[in-house]
Amino acid sequence: MLDIESLEVSHMDNVFHILPSFDAMEGASLVWEEVGVEVASRRSWFGKNKLDKKKILLRVSGIVSPGDILFVMGPSGAGKSTFLDALTDRIAQGTEGRITLDGQRVNQNLLVREAKYVEQEDHMYSSLTVRETLMFAAKFYCKDPSVRKTRVEETLQVLGLIKQADVKVGGLFVRGLSGGQKRRLAVGTQLLAMPSILFLDEPTSGLDSAACLKLISYLRKLAKDLNLTIVCTIHQPSTEIFMMSDRLLLLAQGRTAYFGPTSKVENYFEELGYPCPSLTSIAEHVIDKINGDFGEKQAVEDILDNWPLTKEYQLMQTEIAALHIYVSSKDSEQEKSARCCGRSYETSFPWQLVTLIHRIALNALRNPLVLWMRVVVYCIFGLYTGTAWLRLERTACNVEDFSGALFFISSFMVLMSISVLPSYIDERHLVMQERANGAYGVIVFNLAHTLLGFVMAFILAFFAGTINYWLTGYNPLFQRYFFFILNLFLALSVAEALMTFVASMIPVLILAFAVAACIYATFMVVMGFFIRLENIGWWWRWMHYISMHSFSFSSFMLNEFTDTFWPPCENTFGTVNAISGEEVLKYYDYNGYNIWVNSAVLFGMVIFYRTATTLWQWKFHDARK
Ligand SMILES: Nc1ncnc2c1ncn2[C@@H]1O[C@H](COP(=O)(O)OP(=O)(O)OP(=O)(O)O)[C@@H](O)[C@H]1O
């Protein structure tokens with residue numbers, strides 16, 4: 001048997017009482033009474049819509065106190081995740097029963113303040129180090145810089161990650177933390193907010209047995225020494241891990257099979273006539289007995305029906321009643337209202353904005369996929385097209401070639417913005433998680449992205465545009481060069497904003513790529529290059545006015561051809577007459593356009609897509625189901 005104390009936790013024995021920044025931490029008692037969840041699904045039956053209702057959680061009650069760990073266990077489909085969602089108010093409709101935290105009814109505002117939720121999957125920036133990850137998390141929850149610093153260092157100790165403090169979290173390009181270390185770090189980022197209660201959804205999934213043991217040992221220490229209340233769902237724990245929990249809730253078919261001290265579950269099942277065979281772990285034994293999928297269905301029904309008749313059930317009810325009496329005598333009305341006031345963040349809007357900009361920028365500088373690879377690819381593209389059209393003679397013979405070059409720039413540089421989709425989709429879960437845990441809101445997050453999107457678009461437009469402009473041999477006037485860069489910057493800003501909108505709507509990468517490519521192709525068709533505006537059928541002409549390409553391409557054309565003269569020349573068909581820039585613009589139907597109005601429209605599109613993204617995330621990127 002593994003000696004738990006000989007693992008990394010041993011150094012923690014005396015660590016908590018010398019952690020002054022955690023002194024103010026105070027656990028909370030969580031009580032849930034008669035909690036049920038009903039889901040409705042619509043099904044079409046011979047053309048008629050029929051609403052099916054199904055109870056997936058039924059009259060589940062229990063209590064967990066500060067300093068205790070509650071394990072929620074059950075066979076697959078028993079309702080563990082549903083139960084955790086119900087406790088954390090993540091189910092929008094169909095819940096019933098009463099859930100209280102120190103006597104206060106649980107709602108989103110109270111949970112955001114008092115509870116933190118560690119999701120099953122870890123979502124962190126791979127390019128940040130462990131210390132930086134904790135420091136950024138701390139910045140959202142703690143205003144005082146010295147307290148923040150101390151708390152981060154102490155959290156590193158608590159998590160046993162001192163040695164890895166300067167190691168990057170790791171991902172596709174960088175090797176970093178192990179799965180277990182990442183999970184501990186995820187717990188640490190939430191611990192920094194000093195919650196009263198910590199919820200964890202399957203914290204051990206995907207970890208090997210030693211890592212599971214280490215993680216649960218840490219959680220146990222945290223619960224005891226920081227007086228934290230911990231609720232976690234868990235699958236098939238070993239006996240050592242199982243015995244580290246104080247309380248156990250066994251669920252089967254959405255109903256309670258047992259609730260009470262973990263140490264008493266063996267006796268409970270023995271009294272029911274199911275003694276644990278020797279050499280079988282108790283956790284495995286009890287799960288086996290309540291698994292209707294493979295075991296005896298009637299026996300499982302009997303265990304579930306029996307639960308409300310047991311003395312353990314009575315004890316639980318007495319404990320809940322006693323807690324209600326205690327809490328109501330202890331809490332003054334003032335304390336109650338202090339806990340249940342409206343949602344507010346620990347830090348101010350400007351502070352969150354600066355912190356988010358700092359974090360996103362740091363990730364962009366370190367993660368090659370976000371910035372450097374894009375800069376390199378755009379510059380190579382600028383160089384390639386610039387050398388293909390190299391210093392083309394500005395004569396009437398080459399007017400179409402110049403228009404083609406501008407089409408390429410306005411279409412393909414924009415198209416390449418789809419490369420940002422993976423990083424936006426990756427970020428989505430982290431933001432949803434941090435938002436649900438009360439770190440910041442959607443407006444500040446999108447504002448940070450908008451500002452950095454402008455910087456990114458400028459970098460790409462300036463470098464790739466400059467290379468391309470002078471190599472191709474566009475209009476040599478400096479103000480024309482300046483406007484070329486400005487127009488490319490605006491086009492890339494719209495593209496960046498459009499991609500955030502697509503990424504926020506479509507979380508599946510391959511689908512997001514397909515949709516983004518379709519949108520761009522659709523916009524290109526009607527931009528006025530392949531088919532002139534006057535020849536587009538009236539049924540698609542409106543599309544020309546919502547296509548970003550129409551405005552950026554027409555601006556490039558106006559910038560290149562206005563007030564220009566293209567002298568006559570010879571080509572394979574003979575002499576080509578001189579042509580004025582205005583005639584070229586007339587041919588493309590661009591005479592009515594104004595480059596400043598176009599720029600304003602492009603800027604408006606950036607605002608439109610960014611606002612649409614913010615509204616979409618506000619409405620649909622909610623942890624509530
Ligand atoms: N929105 C829903 N509509 C219909 N059925 C649902 C819905 N959500 C969950 N269920 C069903 O409720 C039951 C409990 O699901 P839940 O995910 O809570 O189980 P679980 O114990 O967490 O399972 P697992 O251990 O496999 O993750 C399952 O049978 C599931 O199919």
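Note that the structure is a prediction, hence the values are computed from the model and not measured.

Draft legend 1. Spotlight on the UniProt feature "transmembrane region" (unreviewed entry) in the protein chain. Residues annotated in UniProt with the feature "transmembrane region" (unreviewed entry) correspond here to residues 369-390, 402-425, 445-469, 481-502, 508-531 and 595-616. A distance of 35 Å separates the end C-alpha atoms of residues 445-469, which is 100% helix and 0% strand. In residues 481-502, helix accounts for 100% and strand for 0%; the two terminal C-alpha atoms are 31 Å from one another.

Draft legend 2. A look at the state of the cysteines. Tallied over the full model, the rule gives 1 disulfide. Here Cys-397 pairs with Cys-569 through a disulfide, and the sulfurs are 1.8 Å apart. Across the S-S bond linking Cys-397 and Cys-569, the dihedral sits near 120°, which makes this disulfide right-handed. With a gap of 172 residues between them, Cys-397 in the loop between helix H14 (372-388) and helix H15 (399-415) and Cys-569 in strand E12 (residues 569-571) connect regions that are remote in the sequence. We classify Cys-397 as partly exposed; its relative accessible area is 22%.

Draft legend 3. Structural context of the site of the ligand. Residues in close proximity to the ligand include Val-39, Lys-54, Ile-56, Pro-75, Ser-76, Gly-77, Ala-78, Gly-79, Lys-80, Ser-81, Thr-82 and His-235, which together make up its full environment. Lys-80 is positioned such that a nitrogen or oxygen atom in its side chain is 2.8 Å from an oxygen atom of the ligand. Residue His-235 places a side-chain N or O atom 3.2 Å away from an oxygen atom belonging to the ligand. Protein contacts shield 57% of the accessible area of the ligand, which totals 640 Å² for the unbound molecule. Where the shell around the ligand is concerned, the elements lending two or more residues are strand E2 (48-64) and helix H1 (80-87). For the shell around the ligand, the element with the highest residue contribution is H1, accounting for 3 residues. Residues of the shell around the ligand, tallied by class, amount to 4 nonpolar, 6 polar and 2 charged.

Draft legend 4. Spotlight on the pattern of salt bridges. Within the structure shown, the criterion is met by 20 salt bridges. Between Asp-225 and Lys-221 there is a salt bridge, with the nearest N and O atoms lying 3.8 Å from each other. Of the two residues, Asp-225 and Lys-221 both sit in helix H6 (residues 209-226), 4 residues apart, roughly one turn of that helix. Lys-221 sits in the buried class, given a relative accessible area of 18%. One salt bridge in this structure joins Glu-496 and Arg-374, with 3.3 Å as the shortest N-O distance. You can see Glu-496 sitting in helix H18 (residues 478-505) and its partner Arg-374 sitting in helix H14, a full 122 residues away along the chain.

Calculation rules
Residues numbered from 1 in each chain as written. Predicted model: local features only at pLDDT ≥ 70, side-chain atom pairs only at ≥ 80, totals over all residues. Heavy atoms only, no water. UniProt positions renumbered as here; feature names shortened; annotations may be inferred. Helix = DSSP H or I, 4+ residues; strand = E, 2+ residues; numbered from the N terminus. Disulfide = S-S within 2.5 Å. Buried < 20%, exposed > 50% of the residue type's maximum accessible area, 1.4 Å probe, protein only. Near = heavy atom within 4 Å. Polar contact = N/O pair within 3.5 Å; in protein donor to acceptor, adjacent residues only side chain to side chain. Areas by Shrake-Rupley, 256 points an atom, 1.4 Å probe, with all protein chains shown as cover. Nonpolar A, V, L, I, M, F, W, Y, C, P; charged D, E, K, R; others polar. Salt bridge = Lys/Arg side-chain N within 4 Å of Asp/Glu carboxyl O.

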